[in-house]
Each structure stands twice: as structure tokens, then as C-alpha cells.
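Chain by chain, the residues:
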Amino acid sequence: MRRWTWKGKTGIASLAVVVLLGSVVLTYFWQMRMQKPFEVNMAAMQHMSGMNGHEHGTMHNATTIGLQPTQSCEAMTEKAGNEPVREYELTAAQHEKKLDNGQTEQVWAFNGITPGPEIRVTEGERVRIVLKNTDIKEGVTIHWHGIILPCSQDGVAGVTQEAVKPGEQFTYEFIADHPGTYWYHSHQASSVQVEKGLLGKLIIEPLKKRLEYKQEEALLIQQLNGTWLMNGSTKSLNIQAGPGKAVRLRMINAANETETISVNGAAYRIIAMDGHDLHEPGLLENVQFQIAAGQRYDLLLRMPQEGKAIVETDSGLRAVLGAGSDPKPRSDYSLFDWTNYGAPDPLAPVGNLIIDKSYTLELGQKLFVKSINGKSFHEIPPIVVKEGQRVKLTIINNGGGDHPFHLHGHVFQVLSRNGHPLTGSSVILDTLATQEGESYEVYVMADNPGLWMMHCHNLRHSSMGMSMMLNYEGISTPYRVGTKSGNLPDL
């Protein structure tokens, strides 16, 4: 029997370390290949196998081999109408910004500020925004997060347009059909450009208020080069609000991490999620709620007759409403559960929904790579649908952190969490917060033909591969993703 010497054992250990390091390096560079393919046509991926759907009880492969394109995404625009027009101009450029905590940051900003100018329009208006790029050499786009619009206006570099290079411009145009709280951000190298400051608020006011309130405030949370800000400030925001006044708070999480929000000093209702009203929302006291990356929550609170109301995040950001004394600090909050909040809407039943196609998306991680069904980015077969089909997605978080899953160009109705149907209000979202071990079923109506990204809105996860496509049959694009074109939407 051979006895291993000290030198032999050391040699084996060294070899093991080399093999391990080699595996790590190879995996790392495989991830880089995912981030930076040479050239990919995101509309011509239907030949890929593996994304199987279930249609009318039989399994089929979601491919369209031999299907001839019938329409280009580029040609899909809002038809001319008589709507009133609201015009804006957003210029992207590099700036030096001094924060109110004294530190100086090199930022990329729209019109010299971050967050960029608030765009506030009224339901039914035609919105026209001219994007200009001064000196962002990688190029810039604008994605209108949560807005239902034509494919050509979605602002995804290499899918719906070319990235706008320095000295160039691009005009976006869409109808503000759906009132609610939204936001906008660059979708070229999004994990980099959003953190550098290329983002802003987008509010669509309803023609007629459903609830009564005299004041509203929009609060946007972001991480600017790693620094937490609320409406561009590192310090408490002081908001004037009179005693007993009803205030609507539109809260937007434009950071990568899930934020836990507490409201102290006033009871409140959560009246909308992702821009969609909740039915008969109940009064909440001593309740915290979690808002994932990309999500929006609208709150309606009534100011106390005496003293302040304080809205605070677990990252230390605060908005102080009113004057007088602070409410007593508290730590006995319960956690908001949106799956049983409010009341079922008799006009939006879910029990008899007809499903044409079903898909399962397993969100996970392998070392440096974030994956969907074990694959990453352009290697993930797309979901392919026809207009009018009713689609059920089962979304499972198998690990790698919170994965707020965002679908472009559509909304979806949440049917169940962990196998349990929702028992409260119908919940319509465009960004679904998922935590490790959770599973959800959601219902999507395929009613907006185009080429649409689906991805984790922790944009670092998206850049690591957790991004795929929902494509309609017959839709093409003249644009390409990759280093050849310079269009890298999820880098």
C-alpha cells in the first residue's frame, strides 16, 4: 500500500487549487460571453429548443421554424390621432454632482439632474419625448418602465432601436392610456447607466380621481454609484402637509435591492401597485411593506391632527411629513401581505380563466451566472406567442437572492403564491417580487404584438444572465444585440 509523502500531499492540494481556480476563471469568462455576445438577433431565436409550452392539454415546442416575418418592430408606432400632445426633451450627459452629504460623484444625468425631470401627463395625452445624447459614448436609450406602448418605443438597445450615440437623438411617442405611477431609465448597459443616474419619474394622472386627496408627492429611491438617495437627497425630505390632510404618496424603487418601508404616525392604505388600483384597500396601522426593485406602491395616508408622519426605509432614507413633534419610535411592525389584502373584485374574476399556453420559468444561480431554466440571456429560448393567446407563467425562485421579475409591454394578473390563490383584491403588476423558495402563477394576455424583454429588475442579476424574450410570431427587428453593434441592453 502506497503511503503519500508530505510533498505528494502538497502537490495534490496545489493541483486541486489550480483546478478550482481554473473552473472559477472559465465560469467567469463564460458569464462575460453571456454579457457580451458578438451579434444576436433577438427576434430570430425561435430555432432554439428547450422552452416548451402546454397548449390545450398537449405539449408542443415553442418554435416557429420556417415562419416568415410579417411585420417589423421598428414599424409598430402609435397611429396619428387628435390627442393633446405633451412634449419633453431629455439630454443625457456626464456631470459632476455634489451630494447634500458633501461627497462629489461623477454621474450621468438627464438634463443635468438625477433623478431626471419628472414627466407628468394626463391620461389620454400623446407623449412625445426627444432624447439627445451629449457625451455618453456607449450610447443611451429610454425604457418607459410599466408603460404599455408600441414595440418600437420600448427603448431596448438592439431590440427596438439602436443605442443613441453622442451627437444623435431619438424621438419616443406613445399614448398615456393607463393612469398610474411609472418611471423611466436607460436600457443600454442598464446595470451601469441606471446606477450612474440615468432615470426619472413618470406619472400619468387620471382624468377623474377615484379617491379624494388634496396633496400628492412622488418619492423615488435610487442608488447613485452605491449611495442611497430619495429624490436625489441623502438626508430626510421635509414635506409640508397640514393636520388631517389626505396625502397620496407615489413610491418608486429604482434601486436594485428590495426595500422595507415603515410608516409611523399615521394610518394608511395601499391603493395601487405598479400603477394599478387595488379593490377596497383596508386601513393599515403598524404595518411595514416591501417594495422590490422596479416596483411602485401608491399610499393614501391621513395626516395626524398633531405632529408628523414619517416614512422610512431600511436603508435609512426618510420622508417627514408635517410639523410638530415626531411620533414615538416603534419596532412592533407586522409585514404587509398583498395576497390577502382588500376584497375580490366581482368584475375581475380569476376562477374561470381560459389558458392557451403554460410555461415554467425557474430563476436560479450557478456561481457567477444568474439563469432561467438553467440557461442565461440569449441562450434562453424565448416564449413565442400569437396575438390573443392567454398565457400562464409559473415563476419559481430557486435561489440567488430576490428576483423582481419584470415583463415589458404587458401587465399580468397574479393568480397564486406557493400554490395558494389570492384571496383579496385582484393584483395587476408588471414587476413581480419573488424571494428564494417562492413560486407564483401569473396570467398574461398576449395583446400587444412585438418583441418584449423579460428579466430580473435587480439589474446586476439581469447583467449576469437573468434576461429572456417574449416574442410574437412573425415580428422581426432590423437591430442586433452584441459587441458588433454596441447594443448591450443588459450589460
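Structure: above.
Source: prediction; values computed, not measured. (Residues numbered from 1 in each chain as written. Predicted model: local features only at pLDDT ≥ 70, side-chain atom pairs only at ≥ 80, totals over all residues. Heavy atoms only, no water.)

1. Quick word on the overall build of the protein chain
At step 1: Counting its secondary structure elements, the protein chain contains three helices and 36 strands.
At step 2: Relative to its full complement of 491 residues, the protein chain shows a buried share of 53%.
At step 3: Long-range contacts, defined as pairs at least 24 residues apart, comprise 77% of the intrachain contacts of the protein chain with a sequence gap of at least 6.
At step 4: Of the accessible surface of the protein chain, which amounts to about 20900 Å², a share of 51% is contributed by carbon and sulfur atoms. (Helix = DSSP H or I, 4+ residues; strand = E, 2+ residues; numbered from the N terminus. Buried < 20%, exposed > 50% of the residue type's maximum accessible area, 1.4 Å probe, protein only. Contact = heavy atoms within 4.5 Å. Areas by Shrake-Rupley, 256 points an atom, 1.4 Å probe, with all protein chains shown as cover.)

2. Comments concerning the side chain of Gln 295
At step 1: Tracing the chain through its elements places Gln 295 in the loop between strand E19 (287-291) and strand E20 (296-302).
At step 2: Take Gln 295: its relative accessible area is 2%, and that puts it in the buried class.
At step 3: Engagement of the side chain of Gln 295 in a polar contact is seen with the backbone nitrogen of Ala 292, the distance being 3.0 Å.
At step 4: In this structure, Gln 295 is in contact with Met 251, Ile 252, Asn 253, Asp 274, Gln 290, Leu 429, Thr 431 and Ala 433, ignoring residues within four places of it in sequence. (Polar contact = N/O pair within 3.5 Å; in protein donor to acceptor, adjacent residues only side chain to side chain.)

3. Some thoughts on the pairing of E20
Within a regular strand, the side chains alternate between the two sheet faces.
At step 1: Burial of E20 is extensive: six of the seven residues sit out of reach of the surface.
At step 2: Alignment of strand E15 (residues 246-253) against E20, held across seven bridges, turns out to be antiparallel. For Met 251, the partnering residue across the bridge sits in E20 and is Tyr 297.
At step 3: Pairing of strand E17 (residues 268-273) with E20 involves five bridges; the strand directions are antiparallel. Bridge assignment links Met 273 to a residue of E20, and that residue is Tyr 297. (Pairing = 2+ DSSP bridges.)

4. Details of the environment of Pro 449
At step 1: Along the chain, Pro 449 turns up in the loop between strand E33 (439-445) and strand E34 (451-456).
At step 2: A residue is classified by how much of its surface remains accessible, and Pro 449, at 19% relative accessible area, is buried.
At step 3: It is 10.0 Å that separates the C-alpha atoms of Pro 449 and His 410, two residues lying 39 residues apart in sequence.
At step 4: Here Pro 449 is in contact with Met 76, Cys 151, Glu 387 and Tyr 472, once residues within four sequence places are set aside.

5. Let's talk about the sheet that holds strand E5 (residues 104-110)
At step 1: The mixed open sheet is built from four strands, whose spatial order is E5-E4-E7-E9. The outermost strands of the open sheet, each flanked by one partner alone, are E5 and strand E9 (169-175). For this sheet, the mean inter-axis angle between neighbouring strands, taken without regard to orientation, is 20°.
At step 2: As paired strands, strand E4 (residues 85-98) and strand E7 (residues 126-133) are joined by eight bridges and run parallel to one another. Looking at E7, one finds that Leu 90 is bridged to Leu 131. (Axes fitted to C-alpha atoms, helices over the stretch in contact; angles between N-to-C directions.)

6. Description of the environment of Gln 413
At step 1: Among the secondary structure elements, Gln 413 is positioned in strand E29 (residues 412-417).
At step 2: For the pair Gln 413 and Asp 430, spaced 17 residues apart in sequence, the C-alpha to C-alpha distance is 8.8 Å.
At step 3: Ignoring any residue separated from it by four or fewer positions in sequence, one finds Gln 413 in contact with Ala 348, Val 350, Ser 426, Val 427, Ile 428, Glu 441, Val 442 and Tyr 443.

7. Examining the pairing of strand E12 (residues 215-224)
At step 1: By the criterion of burial, E12 is predominantly enclosed, with eight of the 10 residues buried.
At step 2: Examined bridge by bridge, E12 and E15 share seven bridges and lie parallel to one another. Within E15, the position partnered with Ile 221 by the bridge is Asn 253.
At step 3: With antiparallel pairing between neighbouring strands as the criterion, E12 and strand E13 (residues 227-230) make up a hairpin whose turn holds two residues, including Asn 225 at a positive phi of roughly 50°.

8. What about the nonpolar core?
At step 1: In terms of nonpolar packing, the biggest core is built from 100 residues, with Trp 144, Ile 270, Leu 321, Trp 338 and Val 414 touching the most fellow members.
At step 2: Sorting elements by how many residues they give to this core places E34 first, with five residues.
At step 3: For Trp 144, the residues in contact, after removing those within four places along its chain, are Leu 90, Ile 119, Ile 129, Leu 149, Gln 153, Asp 154, Tyr 172, Phe 174, Trp 183, Tyr 184 and Leu 202.
At step 4: The next biggest cluster of nonpolar side chains, apart from the first, holds seven residues, and it includes Val 194, Leu 199, Ile 252 and Ala 254. (Core = buried A, V, L, I, M, F, W, Y, C linked by side-chain atoms within 4.5 Å.)

9. Here we look at the sheet that holds E15
At step 1: The strand order across the open sheet formed by six strands is E13-E12-E15-E20-E17-E18, and the pairing between neighbours is mixed. Each edge of the sheet is formed by a strand with only one pairing partner; in this case those strands are E13 and strand E18 (276-277).

10. Observations concerning the state of the cysteines
At step 1: Under the counting rule described, the total for this entry stands at one disulfide.
At step 2: Residue pairing for Cys 73: its cysteine sulfur links by disulfide to Cys 151, the two sulfurs lying 2.0 Å apart. Because the sign of the S-S torsion sets the handedness, a value of about -100° for the bond joining Cys 73 and Cys 151 places this disulfide among the left-handed ones. Highlighted residues: Cys 73 in the loop between strand E3 (71-72) and E4 and Cys 151 in the loop between strand E8 (143-145) and E9, separated in sequence by 78 residues. (Disulfide = S-S within 2.5 Å.)

11. Looking at the side chain of Thr 394
At step 1: Position of Thr 394 among the secondary structure elements: in strand E27 (residues 390-397).
At step 2: In this view, Thr 394 contacts Tyr 359, Thr 360, Leu 361, Tyr 440 and Glu 441; residues no more than four positions away in its chain are not counted.

12. Comments concerning unusual backbone geometry
At step 1: In this structure, the amide linkage connecting Thr 114 to the following residue, Pro 115, adopts the cis form with an omega of -5°.
At step 2: Inspection of the secondary structure puts Pro 115 in the loop between E5 and strand E6 (119-122).
At step 3: Here the phi dihedral of Asn 225 falls at roughly 50°; this positive angle occurs in a residue that is not glycine.
At step 4: Note on placement: Asn 225 falls in the loop between E12 and E13.

13. Observations regarding the packing of aromatic side chains
At step 1: As enumerated under the stated definition, the model contains nine aromatic pairs in all.
At step 2: Ring geometry for Trp 144 and Phe 174: centres 5.6 Å apart, planes at 50°, overall tilted. Placement of Trp 144 in strand E8 and of Phe 174 in strand E9 is noted, with a sequence separation of 30 residues between them. Summarising the burial analysis for this pair, Trp 144 and Phe 174 share the class buried.
At step 3: Three or more aromatic residues joined by ring pairs make a cluster, and in this case those are Phe 110, Trp 144, Phe 170, Tyr 172, Phe 174 and Tyr 184.
At step 4: The lysine or arginine in question, Lys 196, covers the ring of Trp 108, its NZ or CZ lying 4.9 Å from the ring centre.
At step 5: The residue whose ring lies beneath Lys 209 is Tyr 213, and the NZ or CZ to ring-centre distance is 4.1 Å. (Phe/Tyr/Trp six-rings, centres within 6.5 Å; stacked < 30°, edge-to-face > 60°. Lys NZ or Arg CZ within 6 Å of the ring centre and 35° of its normal.)

Limitation: the analysis is restricted to geometry and does not speak to function.
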